[in-house]
Amino acid sequence: NDGTIDVTARSAVVIGSARARAYGILTGDGNDTVTNAGIIRTSQTGIATGVSIETPGIAISTGGGSDRVTLEAGSFTRGIVDLGSGDDTISFNGSLSVTGSVTGGAGSDTLVFSGDGALGAPLSGFETAVKEGAGTYAVSSLAQVRRLEMSGGTLAVAHGYQTNGAKYPILTANTVNGWFTSETLPAPVPLLSFSVSGFSDRVEVEAHAKSCTTVAANPVQMRIAQMLDKAMAAATGKTAEMLGEFQALPAQDFQKAFASLNPGTYDRFRKTSLSASRENIRSLHNRMTALRLTDPRHGAAIQARSFANTMSLFKTGADSGVDPDQAWQLGRISSAEAQDGSWMSAFGQRGSFAGAGGQAGYDYRVNGTVIGFDQRHGGGLITGFSSGFSRGSAGIEDRMGTGSMDGAASSIYGSWSAAETYLESALSFARNHYTNRRSIVVGPLAQSAAADHEGNLFTAYLSGGRYIDLNRWVVEPYASMLFAQAYEEGFQESGDGLSLRIHDDRTRSLVSDVGLRIARSYEVPFGHLIPEAGVAWAYDFRLDDRRVTASLADVEGSEFSIPGEQTGRHGARFEAGLSWQGAGGVAASLKYTGEFRSGADDQGVFGYLRVEF
């Protein structure tokens, strides 16, 4: 065949099951010669339990007899090649394509590879393999071949995992005399080396394989290495090929390979949702602060004090002479409206975490909008509810992975105040959707693993503080606690090879803040200038280690777990802002916030501009 043979077979029934067969070349019994220098394309569609399934058909079937099949360079063969019974030979001449298995069947069958080429099709039922001519021919496996003849060039066989002590006879005879002029074995690497030995009736090569744990450089890599030792013996297909490549890596490539297999990447994506939750709570805190400080009860008391001008910037009211926009400039109000009722807030944040101890570094950014409604009940009591929407993204260092998060949160909140003291609290529940993609690189082999999954996040917040007047300065000492519990559903990454199955996960965190804020107003020719600053001590109680449990998707019994990266328990938060309130309703504000702890930092810059007309 030097043209095109295109055969399609479909089942004719609609109910029940049916089987269709598509044949490209069918010769039957006898000593046949078949050559394909063109295209053979077969497709067969069967019906099973009402579902239509398409598969490649049978491209070449030669039946019984001593047959010879030749596939020429540039040819395309879609379907099974079945040589049937007898002493058969199939030749692969140069670069070509075969989609489907190649089977020798009963008898003594031979594979012949000529020139340069590559063949990924499964080969079975062959006793002899021959390499002819110069060049390199790469094949996926020669598991059943008992005789290898090399008349030129190189025959490259994809290797899988090598078992320590495995022996491969390369020459068998009744009597073996003498020795080779030279021997060329694969160069030794940290996990694998080979030796050759001669016996009276054979020559064999022996593999010397070490445990993957011998190249682990930290506790995270040690856990991954222990999993690999268990998985290698049970892996098949693409997974076994990539694990075999891991075993053959040079020393300098292990760092990147271990990073590719680390499920701790998903802990980074989870932190993005925790950041969004914190910003949502901060919006609620700002709103409750606005309502407390615009309570008309405070206005008269503050006006009676000698330093009323400064305090009124915090505590606007009917008699204070300061409108809500001035208080907003201090970063205290999340809405342009200071009255109870509906309100809206927007937030943005970005941060980064340094990689250490086998964990990869990453950076992230989060933004969102919160819409709420609240009501005053008298006696300093305020209650409300809100809905928020957030979006975040994270990128792992060295472009090893990216992730995005979309979430929706519902919250209830409340505040109680008496004189200058306040207490506030909020409860929030969020549903998040995650889309992630990781790069898996093991030496020359690479694959992309993608996943989509969902999770829930519950947050509880409690804070209290007091406003103190100190000679034209407003000082606010405060303390707060933030508890979060995240649950993420289990999922499996796409693709074969070293894709992971991530198990259901539940983690908790508890963080406290103790801090102080100060502010003062200065009258300038074009309005009022209001600088402010704040500092706080943050403490992480580390309720758990944010462990991620995973296993190789295609290997049973390969489960392992990696603790999330732990940053420092103690941290410092700094705030700095400058606001300007001009005539004619023009106002502007710029505020910076930053939180720093060992191994991590979160920073944000927020701006505001309001023009009335």
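Residues numbered from 1 in each chain as written. Predicted model: local features only at pLDDT ≥ 70, side-chain atom pairs only at ≥ 80, totals over all residues. Heavy atoms only, no water.

## Regarding the packing of aromatic side chains
Heads up, the rule is: Each aromatic pair joins two rings of Phe, Tyr and Trp (for Trp, the six-membered one) with centres within 6.5 Å, and gets the label stacked for planes under 30 degrees apart, edge-to-face for over 60, and tilted for any other angle. Segments assigned H or I by DSSP are reported as helices when at least four residues long, segments assigned E as strands when at least two residues long, and all are numbered from the N terminus. Throughout this description, buried means an accessible area under 20% of the type-specific maximum (1.4 Å probe, protein chains only), exposed means over 50%, and partly exposed covers the range between.
Counted according to the given criterion, the structure contains 11 aromatic pairs. Their ring planes at 15 degrees and their centres at 5.5 Å tell us that Phe-92 and Phe-113 sit as a pair that is stacked. With Phe-92 in strand 10 (residues 89-93) and Phe-113 in strand 13 (residues 110-114), the pair connects residues that are 21 residues apart, well separated along the chain. Of the two residues, Phe-92 and Phe-113, both sit in the buried class.

## Quick notes on the pattern of salt bridges
Using the following cut-off: By convention in these notes, a salt bridge is any Lys or Arg side-chain nitrogen within 4 Å of a carboxyl oxygen on Asp or Glu.
Per the stated rule, a full pass over the model turns up 17 salt bridges. With a shortest N-O distance of 3.1 Å, Arg-202 and Glu-204 are connected by a salt bridge. We classify Arg-202 as partly exposed; its relative accessible area is 27%. Classification of Glu-204 by relative accessible area gives buried; the value is 6%. A salt bridge links Asp-267 to Arg-270; its shortest N-O distance comes to 2.7 Å. Note that Asp-267 and Arg-270 are positioned in helix 4 (residues 265-293) at a spacing of three residues, about one turn of the helix. Among the ionic contacts, a cluster of salt bridges with common partners joins Asp-267, Arg-270, Lys-271 and Asp-505.

## Here we look at the sheet that holds strand 20 (residues 167-172)
The condition is simple: Strand pairing is assigned whenever DSSP detects at least two bridges linking the two strands. Between N-to-C directions, angles cover 0 to 180 degrees, with each direction set by a line fitted to C-alpha atoms, over the stretch in contact for helices.
Overall, antiparallel pairing links the three strands, which are arranged 20-22-21 in an open sheet. Since the sheet does not close on itself, it has two edges, and those belong to strand 20 and strand 21 (192-198), each with one partner. Neighbour to neighbour, the strand axes of the sheet diverge by 20 degrees on average, direction disregarded. With five bridges joining them, strand 20 and strand 22 (residues 202-209) adopt antiparallel strand pairing. Pairing of Tyr-168 across the sheet is with Val-205, part of strand 22.

## Some words on the nonpolar core
So the rule is basically this: To qualify as a nonpolar core, a set must consist of buried Ala, Val, Leu, Ile, Met, Phe, Trp, Tyr and Cys residues joined through side-chain atoms within 4.5 Å. Between two residues, a contact is recorded if the distance between any of their heavy atoms is within 4.5 Å.
Grouped together as the largest cluster of nonpolar side chains are 57 residues, with contacts concentrated most on Ile-224, Leu-228, Leu-243, Phe-246, Leu-498 and Leu-552. Ranked by residue count, the leading element in this core is helix 1 (residues 219-232), at seven residues. If we skip the residues at most four places from it in the chain, Ile-224 touches Phe-258, Leu-261, Asn-262, Phe-560 and Ile-562. Counting residues in each nonpolar core, the second largest holds 25 residues, with Ile-90, Leu-119, Val-139 and Leu-142 among its members.

## A look at the confidence of the model for the protein chain
For the record, the criterion: Every residue carries a pLDDT, the predictor's confidence in it, which falls somewhere between 0 and 100.
For the protein chain, mean pLDDT is 81; residues scoring 70 or higher make up 84% of the total. Low confidence marks residues 298-339, where pLDDT is under 50. Its contacts with residues over four positions away, or in another chain, come to 103 contacts.

## Here we look at helix 2 (residues 237-247)
The element helix 2 is extensively covered by neighbouring structure, given that eight of its 11 residues are classed as buried. Among all positions in helix 2, only Thr-239, Ala-240, Met-242, Leu-243, Gly-244, Glu-245, Phe-246 and Gln-247 are buried.

## Let's talk about the packing of helix 1 against helix 2
Convention followed: Throughout this description, any angle smaller than 35 degrees is read as roughly parallel, any larger than 145 degrees as roughly antiparallel, any in the 65 to 115 degree range as roughly perpendicular, and the remainder as oblique. Throughout, a crossing is termed right-handed when the near helix is turned clockwise from the far one, and left-handed when it is turned anticlockwise from it by less than a right angle.
Interhelical geometry of helix 1 versus helix 2 gives an angle of 125 degrees and a closest axis separation of 11 Å. Comparing the axis directions of helix 1 and helix 2 gives the class oblique. The chirality of how helix 1 crosses helix 2 is left-handed. On helix 2, the residues that touch Leu-228, Ala-231 and Met-232 of helix 1 are Leu-243, Phe-246 and Gln-247.

## Overview of helix 1
Stated precisely, the cut-off is as follows: Helix span, as expected, comes to 1.5 Å for every residue beyond the first. Throughout, the arc means the angular range of directions from the helix axis out to the C-beta atoms. Side-chain atoms alone can form a polar contact between residues adjacent in sequence; in general such a contact is a pair of N or O atoms within 3.5 Å, and within protein one must be able to donate a hydrogen while the other accepts it.
Under the 1.5 Å per step criterion, the end-to-end length of helix 1 is 20 Å for 14 residues, consistent within 8% with the ideal 20 Å. Within helix 1 the residues assigned to the buried category are Val-220, Gln-221, Ile-224, Ala-225, Met-227, Leu-228, Ala-231 and Met-232. In a view along the axis of helix 1, the buried residues occupy a sector of 165 degrees, so they form one face of it. On the buried face of helix 1, the contacting elements are helix 2, helix 3 (254-260), strand 36 (548-552) and strand 37 (560-562). One side-chain oxygen at the N-terminal end of helix 1 lies 3.2 Å from the backbone nitrogen of Val-220; it belongs to Asn-218.

## Comments concerning the sheet that holds strand 37
Within the open sheet, the four strands sit side by side as 31-32-36-37. Their pairing is antiparallel. Only two strands of the sheet have a single neighbouring strand rather than two, namely strand 31 (491-492) and strand 37. Both strand 36 and strand 37 contribute to a ladder of three bridges, which runs antiparallel. Counted as the bridge partner of Ala-550 is Phe-560 from strand 37.

## Concerning the pairing of strand 35 (residues 527-540)
Pairing of strand 33 (residues 505-519) with strand 35, which is carried by nine bridges, proceeds in the antiparallel orientation. Pairing of Val-514 across the sheet is with Trp-537, part of strand 35. Here strand 34 (residues 522-524) folds back onto strand 35, and the loop between the two strands holds two residues.

## Focus: the pairing of strand 22
Sheet topology places strand 21 next to strand 22; seven bridges connect them, and they run antiparallel. Each residue of the ladder has a partner; that of Leu-192, found in strand 22, is Ala-209.

## Notes on a nonpolar patch on the surface
Applicable threshold: Only residues whose relative accessible area exceeds 30% and that take part in no salt bridge are eligible for patches, with like-charged residues grouped when within 9 Å of each other and nonpolar side chains (Val, Leu, Ile, Met, Phe, Trp, Tyr) grouped when within 5 Å. Per-residue and other accessible areas follow the Shrake-Rupley method at a 1.4 Å probe size, with only the shown protein chains counted as cover for residues.
A surface patch of nonpolar side chains, amounting to about 720 Å² of accessible area, comprises Ile-468, Leu-470, Trp-473, Leu-516, Ile-518, Tyr-522, Val-535, Phe-574 and Phe-596. Those elements that provide at least two residues to the nonpolar patch are strand 29 (468-470) and strand 33. With respect to the helices, strands and loops of the structure, Leu-470 is situated in strand 29.

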